[in-house]
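# Descriptive structure summary
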Amino acid sequence: NAGVTQTPKFQVLKTGQSMTLQCAQDMNHEYMSWYRQDPGMGLRLIHYSVGAGITDQGEVPNGYNVSRSTTEDFPLRLLSAAPSQTSVYFCASSTGTGGSVKNIQYFGAGTRLSVL
Amino acid sequence: AQSVTQLGSHVSVSEGALVLLRCNYSSSVPPYLFWYVQYPNQGLQLLLKYTSAATLVKGINDFEAEFKKSETSFHLTKPSAHMSDAAEYFCAVSRGYGGATNKLIFGTGTLLAVQP
């Protein structure tokens, strides 16, 4: 059981390049989300999905696109990278939006992105 | 709207001393509250969560937190610090019911150093 897997672990881009950060989970979780982590700012929600085919914006969605074609995968796309997108990106998944004490978010190990 | 404030971006304690990390929240609806820990170059791991059951919540590695509605606080404590507790700790809040309860709002984090 791998949990939440993020690839790549590190990436360097030039301004204007595009790329996709991959996220996959093998726990059959309905809910997945993307966060970015910046020094002194904690984690901020970029986009989230409550199930296959359903996505919505978080706090800081500009410059990022997502799609959810399968339950397992939730890729994050940067269409035209900017230096302001230099950050550490985390993907997370959980069982759903209910109030169960079992409903916790599991985080991947992160992708460290630098945009020059 | 919900928010979380973590008082003290850096906390240093001696090994064996009490650990106290402060978190205050703001929420217009009954909240769910969480503490996550992040070790260097790793993703976030859940320490404990409050979901309107017992106000004193026990987590992993002898950490615990007490929900105090009157003080809008959810401080994290551990009776005796260990060197392995050195990490960054994040407090987070989500809606307690209705809507996407998985949408977490994070604090800016507290870096805990443990001195020998």
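As a starting point, this report considers the structure included with it. (Residues numbered from 1 in each chain as written. Chains lettered and ligands numbered in written order. Predicted model: local features only at pLDDT ≥ 70, side-chain atom pairs only at ≥ 80, totals over all residues. Heavy atoms only, no water.)

Quick look at the overall build of chain B now. Assigned secondary structure in chain B consists of zero helices and 11 strands. Compactness check: chain B gives a C-alpha radius of gyration of 14 Å against a globular reference of 13 Å for 116 residues, within 12% of the reference. For chain B, the proportion of its 116 residues judged to be buried stands at 48%. In chain B, the share of contacts with a sequence separation of at least 24, taken over all contacts with a separation of at least 6, comes to 58%. Accessible surface, chain B as shown: approximately 5300 Å² in total, 53% of it carbon and sulfur. For chain B, the distance from the average position of its 8 positive side-chain charges to the average position of its 7 negative side-chain charges is 13 Å. (Helix = DSSP H or I, 4+ residues; strand = E, 2+ residues; numbered from the N terminus. Rg over C-alpha atoms; globule rule 2.2 N^0.38 Å. Buried < 20%, exposed > 50% of the residue type's maximum accessible area, 1.4 Å probe, protein only. Contact = heavy atoms within 4.5 Å. Areas by Shrake-Rupley, 256 points an atom, 1.4 Å probe, with all protein chains shown as cover. Lys, Arg positive; Asp, Glu negative; His and termini not counted. Charge placed at Lys NZ, Arg CZ, Asp CG, Glu CD.)

Here the bond from T7 of chain A into P8 of chain A is cis, since omega is -10°, no more than 30 degrees from zero. In the Ramachandran plot, D62 of chain B falls in the positive-phi region, its phi being about 70° despite a non-glycine side chain. Structurally, the position occupied by D62 of chain B is in the loop between strand 6 (56-58) and strand 7 (64-68). The phi torsion at T72 of chain B lies on the positive side, around 45°, for a residue other than glycine. Inspection of the secondary structure puts T72 of chain B in the loop between strand 7 and strand 8 (73-78). According to the relative accessible area criterion, T72 of chain B is partly exposed, its value standing at 31%.

The next thing to look at is the sheet that holds strand 3 (residues 19-26) of chain B. Residues and elements named next belong to chain B. Strand order in the open sheet formed by five strands is 1-3-8-7-6, and the pairing between neighbours is antiparallel. With one partner strand each, in any of the chains shown, strand 1 (3-7) and strand 6 form the two edges of the open sheet. Each adjacent strand pair in this sheet contributes to an overall mean axis angle of 20°, direction not counted. Here strand 1 pairs with strand 3 via five bridges, running antiparallel. Looking across to strand 3, one finds that V4 is bridged to Y25. (Pairing = 2+ DSSP bridges. Axes fitted to C-alpha atoms, helices over the stretch in contact; angles between N-to-C directions.)

Turning to the state of the cysteines, a few remarks are in order. All names here are of chain A. Applying the stated criterion across every chain, the model contains two disulfides over all chains. Across the disulfide, C23 is cross-linked to C91 (sulfur-sulfur distance 1.9 Å). Judged by the sign of its S-S torsion, about -75°, the cystine formed by C23 and C91 is left-handed. With a gap of 68 residues between them, C23 in strand 3 (residues 19-25) and C91 in strand 9 (residues 87-94) connect regions that are remote in the sequence. Among the residues examined, C91 registers a relative accessible area of 0% and is labelled buried. (Disulfide = S-S within 2.5 Å.)

Residues and elements named next belong to chain B. Tracing the backbone shows A65 in strand 7. Look at A65 and you get buried, because its relative accessible area is 1%. Sequence separation of A65 and L33 is 32 residues, and the distance between their C-alpha atoms is 9.8 Å.

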